[in-house]
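# Structural overview
One letter stands for each residue in the lines below.
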Amino acid sequence: MARTPSLARALLTGVTLLGVLGSLAACDAQTSDSAGPGKRSKPRPITPVAGCAKGWTDPSDTSAARRPARCAPGAPAPKPLQKRTKVVVSASTLTAEYLAPLRIGVAKGEFSKEKLDVEVKLLPTPDALPLLAKGDIDVQYAAPEAAVLNGIRQGFDIRWVAGNFTPAPGSKSGFWARLRPGETAGGVSLKDRTVGTLIGKGSVITYPMEEVLSAHKADVDSVRFQQLGPAEVLASLKNGGVDAAWLLDPVWRQVDGDAGYAFLGGQPKGEPLGGLLFGPDLLTGDPDAGVAFLRAYIRTVNTYFAGDYKKDKAFLDDLGDVLKTEPDTLAAVPSLRMDWEIRAGTVDRLQKAYATAGVVEGDPLPEDRVVDRSFYAEAVGHKP
């Protein structure tokens, strides 16, 4: 994604994306069947899964102290498909730690056990979204950004089918500000300041960012958003290109402890804001492969990421290999709480934030137009 130096340019990108989606809706044959909203076959049978008695928690529980669902290591057991199937997954980065279950699952052969050949492609979110809607890719590792919701509103059969993570209690991943002379963390006014983000107002971080801005005498209309590439965010914060930025693990460690910067808040501790999006190929074309994909993903979490996975030095080395990151760098921040479940109400809260920011069109979508928990419910054997 090209760097966009202003909010107007960022919004233009969103309009262009919606134009692409509209063109696809008009001309692609898939829209007559698999891409229509809500087109589903009969509910699939769900049977208990060995080792997954605790593979589901209450979706309404968003408390910071909640424990994520977990099956036993190695569960759910593989149930290989009848024929080997290729699944193409896109991600906007291949080195972020939240991608670790996907990357480790491929490296450790967990997807292969299901007769899935998984190819991971590096694609910016706006580029991947129309490809997902058209069926050129099968899974997008992203989040229900504003552009995703606008695409669904236009009729594309895309659903958020699994969460990704929540921050550890000691994490300071989130909103950081560069302090001016005489300022303290509690006294920072963000009004009329420039904020650096990867996507802009249409990002899921708009939701937690609203609370931070409100606590510091600002809102989404009183700050200037600057869209930056992943490698530019920290540099721009340090050199004064932006006044504040959303810093992910482990990037925030580079300003933590520096009196010139302050951590102002982050993602809700008990609420994943991203994860896996399925397109029509897995939602309606081959749901067996969709369940198999999530079964392998969830098994990877249960086997390798059940707790504080960074305590295992050998595994930390494996993690460094797949993420192309030094193990010491990974060890410098707390382990993420990998979490495949999607909380009730998250979509409503996101849409409210997007509406305030003016980046969504029309009435709010009901949750079942955005979320489909049936794939991970079947994978762990839970009847909602």
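Residues numbered from 1 in each chain as written. Predicted model: local features only at pLDDT ≥ 70, side-chain atom pairs only at ≥ 80, totals over all residues. Heavy atoms only, no water.

## What to know about helix α8 (residues 287-304)
Three or four residues apart is the spacing at which side chains of an α-helix point the same way, because the helix has 3.6 residues per turn. Definition in use: Secondary structure elements are taken from DSSP: a helix is a run of H or I of four residues or more, a strand is a run of E of two residues or more, and numbering for both begins at the N terminus. Each residue after the first adds 1.5 Å to the expected span of a helix. Between buried and exposed lies partly exposed: a residue is buried under 20% and exposed over 50% of the maximum accessible area for its type, with that area taken using a 1.4 Å probe on protein chains only.
Taking 1.5 Å of rise per residue, 18 residues should cover 26 Å, and α8 covers 26 Å from first to last C-alpha, within 8% of that figure. In terms of burial, α8 is largely enclosed, as 15 of its 18 residues are buried.

## Considerations on the sheet that holds strand β6 (residues 174-178)
In plain terms, the rule: By the convention used here, strands pair only if DSSP detects at least 2 bridges between them. Axis geometry follows a simple rule: fit a line to the C-alpha atoms, using only the stretch in contact for helices, then measure angles between N-to-C directions, giving values from 0 to 180 degrees.
Within the open sheet, the five strands sit side by side as β8-β7-β9-β6-β10. Their pairing is mixed. Here the strands that pair on one side only, and so sit at the sheet edges, are β8 (224-227) and β10 (261-266). On average, each strand axis in the sheet is tilted by 30 degrees relative to the strand beside it, whichever way the strands run. As judged from the four bridges shared by strand β7 (residues 194-197) and β8, these two strands associate in the parallel manner. Residue pairing for β8: T194 is matched across the bridge by R224.

## Section: the pairing of strand β1 (residues 85-91)
Rules: Seen with the strands pointing away from the viewer, any crossover whose path from the first strand over the helix to the second strand runs clockwise is right-handed.
Across the seven residues that make up β1, a large majority, six, are buried. Here β1 pairs with strand β2 (residues 116-122) via seven bridges, running parallel. Bridge pairing links V89 to V120 in β2. Following the backbone out of β1, through helix α2 (residues 100-107) and into the adjacent parallel β2, one traces a crossover that is right-handed. Here β1 pairs with strand β3 (residues 139-142) via three bridges, running parallel. When the sheet's bridge partners are listed, A91 is paired in β3 with Y141.

## Quick look at the packing of α2 against α8
When two helices pack together, their arrangement is given by the angle between the helix axes and the distance between those axes. To be explicit about the condition: Relative orientations are named as follows: roughly parallel for angles under 35 degrees, roughly antiparallel for angles over 145 degrees, roughly perpendicular for angles from 65 to 115 degrees, and oblique for any other angle. By definition in these notes, contact holds between two residues if any of their heavy atoms fall within 4.5 Å.
Two numbers describe how α2 lies on α8: the axes approach to 9 Å, and their chain directions differ by 100 degrees. The angle between the axes of α2 and α8 places the two elements in the roughly perpendicular class. On the side of α2, the interface is formed by P101, L102, I104 and G105, while α8 contributes F293, Y297, T300, V301 and Y304.

## So, unusual backbone geometry
The peptide bond linking A75 to P76 adopts the cis configuration, its omega dihedral lying at -5 degrees. Tracing the sequence through the fold places P76 in the loop between α1 (7-27) and β1. In this model, D249 is joined to P250 through a cis peptide bond whose omega is -10 degrees. Phi is positive for D192, which is not a glycine, with a value near 65 degrees. By the element assignment, D192 lies in the loop between β6 and β7. Even without a glycine there, the phi angle at K324 is positive, about 55 degrees. Tracing the backbone shows K324 in the loop between α9 (313-323) and α10 (327-331).

## As for the state of the cysteines
As used here, a disulfide is simply a covalent bond connecting the sulfur atoms of two cysteines. So the rule is basically this: Two cysteine sulfur atoms make up a disulfide if the distance between them is within 2.5 Å.
One pass over the structure, following the stated rule, counts one disulfide. Disulfide partner of C52: C71, at an S-S distance of 2.2 Å. The sign of the S-S torsion, about 110 degrees, decides the handedness of the disulfide formed by C52 and C71: right-handed. Of this pair, C52 sits in the loop between α1 and β1 while C71 is found in the loop between α1 and β1, placing the two residues 19 residues apart along the sequence. Of the two residues, C52 and C71, neither departs from the other in class, the shared state being buried.

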